[in-house]
Amino acid sequence: MSLSEIQSRIAKAEAAAGRPAGSVSLIAVSKVQPNERVEAVLAQGHRVFGENRVQEAEGKWPGFRAQYPDAQVHLIGPLQTNKARQALALFDAIHSVDRPKLANTLARLAQELGQCPPIFVQVNTGEEPQKAGILPADADAFIATCRNMDLPVAGVMCLPPVEEEPALHFALLAKIAARNGLEGLSMGMSGDFESAIALGATHVRVGSAIFGDRVKPEGA
Ligand SMILES: *Cc1c(COP(=O)(O)O)cnc(C)c1O
């Protein structure tokens, strides 16, 4: 598939849901992709990208940004507290704020630096033990905690269990956002972004459908 096909499928899904054109932001997930593929998507005019590892992003984005200063990079993967400072310097949004310790660290650094990009609270909608994210039952309290620390909470994010119907998880996330007065809904990937848009997604994170299959790093 290509960038333009994904853009037109997003436009169709927006229209089908009665939502304004352009209300969904496409995050092109460039993790583990060869630089030529990322470069090609930049050259087509796309400017919003997603990475899931701080180190990988740090290796490739300063170079791309020198050429495309308006490129935005969103962190969509787990963030260790000892990388929080780097993350604040590098990313235009953080979609994976998933625990009090990380929120505390980000808040402290945000005070010190006088700035913080928009953050999304990651919710473990499937309550999977191995997966990051705040449990749905704890989400309201955690969002309030983040707001009390003056973190700029833009919305919530989820990554549904692979073997379950994603729409159930998207609906649950939308409910959590609505009752907390949050507009941002980061949900939907290559296989299910249209369903996510139907349920209110404002940010879809699409990787392989744009770039092709991820080239596995050695040893993976
Ligand atoms: C890799 C990844 C995506 C994109 O997945 P695709 O199936 O390639 O579209 C979206 N969100 C997160 C958190 C990811 O890690």
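Visitor: Explanation requested: the packing of aromatic side chains in the structure shown.
Guide: For the structure shown, the criterion picks out two aromatic pairs. When the ring of Phe49 is compared with that of Trp61, the centres are 4.9 Å apart and the planes differ by 45°; the resulting orientation is tilted. Of this pair, Phe49 sits in strand S2 (residues 48-51) while Trp61 sits in helix H3 (residues 54-67), and the two are 12 residues apart along the sequence. As far as burial versus exposure is concerned, Phe49 and Trp61 are alike and both buried.

Visitor: Explain the environment of Leu173 here, please?
Guide: Residue placement: Leu173 occurs in helix H7 (residues 166-179). Judged by relative accessible area, Leu173 falls into the buried class, the value being 0%. Along the chain, Leu173 and Leu151 lie 22 residues apart, while their C-alpha atoms are 20 Å from each other. Leu173 has contacts with Val123, Thr125, Val156, Met157, Cys158, Leu185, Ser186 and Met187, leaving out every residue within four places of it along the chain.

Visitor: Any chance you could explain the side chain of Glu128 here in plain terms?
Guide: On the secondary structure map, Glu128 appears in the loop between strand S5 (119-122) and helix H6 (136-148). Looking at Glu128, the relative accessible area reads 13%, which means it is buried. The contact partners of Glu128, leaving out residues within four places of it in the chain, are Leu159, Pro160 and Pro161.

Visitor: I keep staring at H7 and nothing clicks. Help me out?
Guide: Side chains of residues three or four places apart in an α-helix project in the same direction, reflecting 3.6 residues per turn. The terminal C-alpha atoms of H7 lie 20 Å apart, and with 14 residues this matches the ideal 20 Å at 1.5 Å per residue to within 8%. Looking only at H7, the buried set comprises Pro166, His169, Phe170, Leu173, Ala174, Ile176 and Ala177. Buried residues of H7, viewed axially, fall in a sector of 160°; they line one side. Of the exposed residues in H7, those oriented more than 90 degrees away from the buried face are Leu168, Lys175 and Ala178. In the stretch just after H7, Gly181 is the one whose phi turns positive, near 65°.

Visitor: How should the site of the ligand be read in this particular structure?
Guide: Near the ligand the following residues occur: Val29, Lys31, Ile76, Met157, Leu159, Met189, Ser190, Arg205, Val206, Gly207, Ser208 and Arg214. Residue Lys31 places a side-chain N or O atom 2.7 Å away from an oxygen atom belonging to the ligand. Summarising the interface, the protein chains cover 89% of the accessible area of the ligand, which totals 390 Å² for the free molecule. Of the residues assigned to the shell around the ligand, the class counts are six nonpolar, three polar and three charged.

Thresholds, definitions, all that
Residues numbered from 1 in each chain as written. Predicted model: local features only at pLDDT ≥ 70, side-chain atom pairs only at ≥ 80, totals over all residues. Heavy atoms only, no water. Phe/Tyr/Trp six-rings, centres within 6.5 Å; stacked < 30°, edge-to-face > 60°. Helix = DSSP H or I, 4+ residues; strand = E, 2+ residues; numbered from the N terminus. Buried < 20%, exposed > 50% of the residue type's maximum accessible area, 1.4 Å probe, protein only. Contact = heavy atoms within 4.5 Å. Expected span 1.5 Å × (residues − 1). Arc of directions from axis to C-beta. Near = heavy atom within 4 Å. Polar contact = N/O pair within 3.5 Å; in protein donor to acceptor, adjacent residues only side chain to side chain. Areas by Shrake-Rupley, 256 points an atom, 1.4 Å probe, with all protein chains shown as cover. Nonpolar A, V, L, I, M, F, W, Y, C, P; charged D, E, K, R; others polar.

Spatial relationships are all this shows, so hold off on functional conclusions.
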